[in-house]
Amino acid sequence: MTPRARARAEVLKDEAPFALECGRSLQGLTFAYETWGRLNRRRDNAVLLFHALTGSAHAASHGTGDEPGWWESLIGAGRPLDPARYYVVCANVLGGCYGTTGPASQNPETGRPYGADFPVMTTRDMVRAQRLLLDRLGVGHLALVIGGSLGAMLTWRWLVDYPDSARAGIAIAGTPQASPWAIALNAVAREAITSDPAWRGGDYESPGPDSGLALARMIGMISYRSGRQFGERFGRQRADSCPDRRFCAENAFLVERYLKHQGEKLTQRFDARSYVLLTRAMDLHDVADRHPTLEAALAPIRARVLAVGIDSDVLFDPTEISGAVQILKRFGADAAYGAIRSAFGHDAFLVEYPQLNTLVSSFLEGRALCEF
Ligand code: COA
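Here we summarise the structure given alongside this text. (Residues numbered from 1 in each chain as written. Predicted model: local features only at pLDDT ≥ 70, side-chain atom pairs only at ≥ 80, totals over all residues. Heavy atoms only, no water.)

**Quick word on the pattern of salt bridges**
Which entries qualify depends on this criterion: When a carboxyl oxygen of Asp or Glu is within 4 Å of a side-chain nitrogen of Lys or Arg, the pair counts as a salt bridge. To qualify as a helix, a DSSP run of H or I must reach at least 4 residues; to qualify as a strand, a run of E must reach at least 2; elements of each kind are numbered from the N terminus. Only protein chains enter the accessibility calculation, which uses a 1.4 Å probe. A residue is then buried if its area is under 20% of the maximum for its type, exposed if over 50%, and partly exposed in between.
Enumeration over the complete set of coordinates arrives at 17 salt bridges. As a salt-bridge pair, R190 and D283 come within 2.7 Å of each other at their nearest N and O atoms. A residue pair is termed long-range when its members are at least 10 positions apart, and R190 in helix α3 (residues 180–194) and D283 in helix α7 (residues 272–284) qualify at 93 residues. Classification of D283 by relative accessible area gives buried; the value is 9%. Several salt bridges share partner residues, and in doing so they unite E21, R124, R157, D161, D289 and R290 into one network.

Following this line, the structure appears as structure tokens:
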């Protein structure tokens, strides 16, 4: 699979070796990124936006005729991240497959794709790479750092590793530490990929481990939604194609067919090696890894923080998110918890725009947060 490069993504290369936490280095980085708005004269209106696991730099369209992005409703004229006010930067993450250096990139030392030889990376490496990109773009202090899911984990990491670098942070549906539950789900998804014979230790060319990646996505999709949402949306409905409605052996239920469709769809646009690498980085994610406790890690955060949890999220427990806010408050930080009420589950951060936009705008404008 070759992920389709977004036409609008800009490319920036940094030739210097980039040292990773694991002790290995990458021989220079390539970043694919997109921007909305302009950096103002005071250089104080920059927003760094982190995408989720299979996302890209294309968070929003750049005008008529352009493809909508994954956070279209949040970025644009009259929206919470209005380009007339903010300079929004979104880059494909390190290890991804939408233009930034990742396992499918060519290793300059061998002239071949890194494949399985791509080093293990951490969320610390990922934010440090984006710090480098911002330096190259002339951005120092940020008005805001924001992200959802993996993007929220990166937001927490940014706030801990660069405590004085942003006026505000918004972490949506993501925690400061990966939970054993999330690690377990990622482990099964990776197993699905690596046990596909086409995985070949990660050194495949085309075709890759499509059935393994599709299965990983199916597992992921179950955790991105909720039992209630599947119940309301599909119920026990059968697929019309099932000739014997009671005893059809395969794809009998709509929910089953839906998961299959989502799995197959991901194989058209995502690289299994990035899936394995990025889920591993999520598992390793723990902002307290160089601190005695989570409290000690969060204590130095100086930014105003909004952390948003989704009541039906079975992947990132909202009580862990509100718990982090409680810690911040105990240390005197200006922190708030925002709740999204939805049957959608984790994916509510990509769907429940009226609630999300109200929370983000209220927080940015310093208004009291309304509870939904
Ligand atoms: N059988 C087969 N296919 C079905 C189906 C069924 N019973 N029911 C719906 N579908 C298909 C639709 O035909 C449509 O196909 P297409 O995308 O190829 O056109 C697709 O499912 C619609 O997807 P759906 O999940 O229903 O969209 P949604 O409106 O529920 O969700 C988003 C919207 C934005 C959440 C979703 O599009 C998305 O981006 N998901 C990404 C999930 C993700 O990565 N989450 C982040 C985790 S970190």
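**Considerations on the packing of aromatic side chains**
The condition is simple: Planes of paired rings set the category: under 30 degrees apart is stacked, over 60 is edge-to-face and the rest tilted, where pairs are Phe, Tyr or Trp rings (Trp by its six-membered ring) whose centres lie within 6.5 Å.
Applying the stated criterion across every chain yields a total of 10 aromatic pairs. Ring centres of F50 and W158 lie 6.3 Å apart, and the angle between their planes is 55°; this geometry places the pair in the tilted category. Separated by 108 residues along the polypeptide, F50 in strand β5 (residues 46–50) and W158 in helix α2 (residues 150–161) bring together distant segments of the chain. Since its relative accessible area comes to 0%, W158 is described here as buried. For the ring pair W158 and Y162, a centre distance of 4.7 Å and an interplane angle of 50° mean the geometry is tilted. Here the aromatic residues F50, W158 and Y162 are joined through ring pairs into a cluster of three or more.

**Overview of the side chain of H51**
Applicable threshold: Each polar contact in these results corresponds to two N or O atoms within 3.5 Å; when the atoms are within protein, one needs to be able to donate a hydrogen and the other to accept it, and residues that are neighboring in sequence are counted only if both atoms are side-chain atoms.
Here H51 is to be found in the loop between β5 and β6 (87–91). Given the relative accessible area of 0%, H51 is considered buried. From its side chain, H51 meets the backbone oxygen of G55 in a polar contact 3.5 Å long. From its side chain, H51 meets the backbone nitrogen of V93 in a polar contact 3.0 Å long.

**What about the environment of H346?**
Our working definition: Here, two residues are considered to be in contact whenever any of their heavy atoms come within 4.5 Å of each other.
Topologically, H346 is positioned in the loop between β12 (335–340) and α10 (353–364). A relative accessible area of 1% places H346 in the buried class. Sequence spacing of H346 and M221 is 125 residues, and the spatial spacing of their C-alpha atoms is 9.4 Å. Not counting residues within four places of it along the chain, the set of residues in contact with H346 comprises S149, A173, S223, Y224, I310, D313, L315 and F316. Separated by 2.8 Å, the side chains of H346 and D313 make a polar contact.

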